[in-house]
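If you want the building blocks of each chain, they are given just below.
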Amino acid sequence: MKLIGKLLINGEIEALTGLAIGGSKSDVSIGGIDNNVIKTAGGVPFIPGSSLKGKFRSLLERKKGKEIVCNCGEKNCEICVIFGKGMKNRKNDKEEKSESGPTRLYVRDAYLTEATKNMMENKEGIFSNLELTYTEIKWENTIDRVQSKAEHPRQQERVPAGSKFEFNMVYNLLKKDDVAMFKHVIEAMNLLEDDYLGGNGSRGYGRVKFDKLEIVCRTVADYEAGTPGQTIYTGTLPDLKIDPLIDEILSLVREEAV
Ligand SMILES: [Zn+2]
């Protein structure tokens, strides 16, 4: 199995509602705020690539009726090929691993766009009322299910609606079949738009939208020649028609994928 090309997927993720990613219980009580948002060393919120990738995977698995974490280990499981083996089956199957090859999809950490960051730092427009530099504080009542009465309200930190993040993924094409499997990646993005990212989804948190998508197909020949590859799509997610796109990728990697 050798590389025949890569698909570079770039764009923006916009938070349509407040986003609470990374809230681990151990972070509770930093400044009295529950479930702190995950941030870079510089204190700026971001969306970890692993969170996005894990969400994509679980949405596809749920759709296919698989376990929450797909550990099926089936040789031709397309989810395992794209996302890598689940933790449970990672050991004792080096042979199978080499058979399906390395994980096809890399999802990079998504950082706030400069425009969003600047607006927040200057408290401009929709970000004029932020309680903290890059986040808002929302009060939530949690219900004690045993006593069925409202507990003390808690403060929840969120990245506010309207925040935009830069989004980058790489999809590796190692054999011809990988081209058709790319439809699952687009499908996962569509599923995510009708789901949520991060915590408190049942309270309406974490609705996101992909925007300004750009997909570039860079073949092995492009890498050898140092050329940037072919832009095969620019636009929104709803406008993306997957079948013609797959055909175009197939024609671009025709030489390599024999
Ligand atoms: Zn699987």
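Before going into details, it helps to say that this report is about the structure given with it.

Structural notes on the nonpolar core
At step 1: Core analysis: the largest hydrophobic core is formed by 57 residues, its most contacted members being Tyr-171 and Phe-182.
At step 2: Residues in contact with Phe-182, not counting those within four places in the same chain, are Leu-7, Ile-9, Tyr-171, Ile-215, Ile-242, Leu-245, Ile-246 and Ile-249.

A few points about the pattern of salt bridges
At step 1: Across all of its chains, the model carries 11 salt bridges by this definition.
At step 2: We note a salt bridge from Lys-55 to Asp-195, for which the minimum N-O separation is 3.0 Å. Of the two residues, Lys-55 sits in helix H1 (residues 49-64) while Asp-195 sits in the loop between helix H5 (176-193) and strand E8 (208-219), which places them 140 residues apart along the sequence. An identical accessibility class is assigned to Lys-55 and Asp-195; each is buried.
At step 3: Between Glu-114 and Lys-117 there is a salt bridge whose closest N-O contact spans 4.0 Å.

A closer look at the pairing of E8
On a regular strand, each side chain points to the face opposite its neighbour's, so the side chains alternate between the two faces of the sheet.
At step 1: Sheet topology places strand E1 (residues 5-15) next to E8; 10 bridges connect them, and they run antiparallel. Residue pairing for E8: Glu-14 is matched across the bridge by Lys-209.
At step 2: Taken together, the five bridges between E8 and strand E9 (residues 230-235) define a ladder with antiparallel strand orientation. Within the sheet, the bridge partner assigned to Cys-217 lies in E9 and is Gln-230.

Notes on the packing of aromatic side chains
At step 1: For the structure shown, the criterion picks out four aromatic pairs.
At step 2: Between Phe-46 and Tyr-111 the ring centres are 5.7 Å apart and the planes differ by 25°, which places this aromatic pair in the stacked class. You can see Phe-46 sitting in strand E2 (residues 46-47) and its partner Tyr-111 sitting in strand E4 (residues 110-111), a full 65 residues away along the chain.
At step 3: Classification of Phe-46 by relative accessible area gives buried; the value is 12%.
At step 4: Arranged with centres 5.1 Å apart and planes meeting at 55°, the rings of Tyr-171 and Phe-182 form a pair that is tilted. Here Tyr-171 is found in strand E7 (residues 164-173), whereas its partner Phe-182 is found in helix H5, with 11 residues between them in sequence.
At step 5: Its relative accessible area of 0% is what places Tyr-171 among the buried residues.
At step 6: Here Phe-182 falls in the buried class, since its relative accessible area comes to 0%.

About the thresholds
Each residue is numbered by its place in its chain's sequence as written, counting from 1. Reporting in this predicted model follows two pLDDT cut-offs: at least 70 for local features of residues, and 80 or more for side-chain atom pairs to be given and counted; totals over whole chains, interfaces and linings ignore these cut-offs and use all residues. With hydrogens and water stripped out, all remaining heavy atoms of the structure feed into the side-chain values. Nonpolar cores were defined as sets of buried Ala, Val, Leu, Ile, Met, Phe, Trp, Tyr and Cys residues, with membership established by side-chain atoms within 4.5 Å. Burial classes follow relative accessibility: with a 1.4 Å probe on protein chains only, a residue under 20% of its type's maximum area counts as buried, one over 50% as exposed, and anything between as partly exposed. Contacts between residues were defined by any pair of non-hydrogen atoms, one from each residue, lying within 4.5 Å. Whenever Lys or Arg places a side-chain nitrogen within 4 Å of a carboxyl oxygen from Asp or Glu, that contact is recorded as a salt bridge. Runs of H or I in DSSP of at least four residues are treated as helices and runs of E of at least two as strands, each being numbered from the N terminus. Here, any two strands with at least 2 DSSP bridges between them count as paired. Any Phe, Tyr or Trp ring, taking Trp's six-membered ring, that has another such ring centre within 6.5 Å forms a pair; planes under 30 degrees apart are called stacked, those over 60 apart edge-to-face, and the others tilted.

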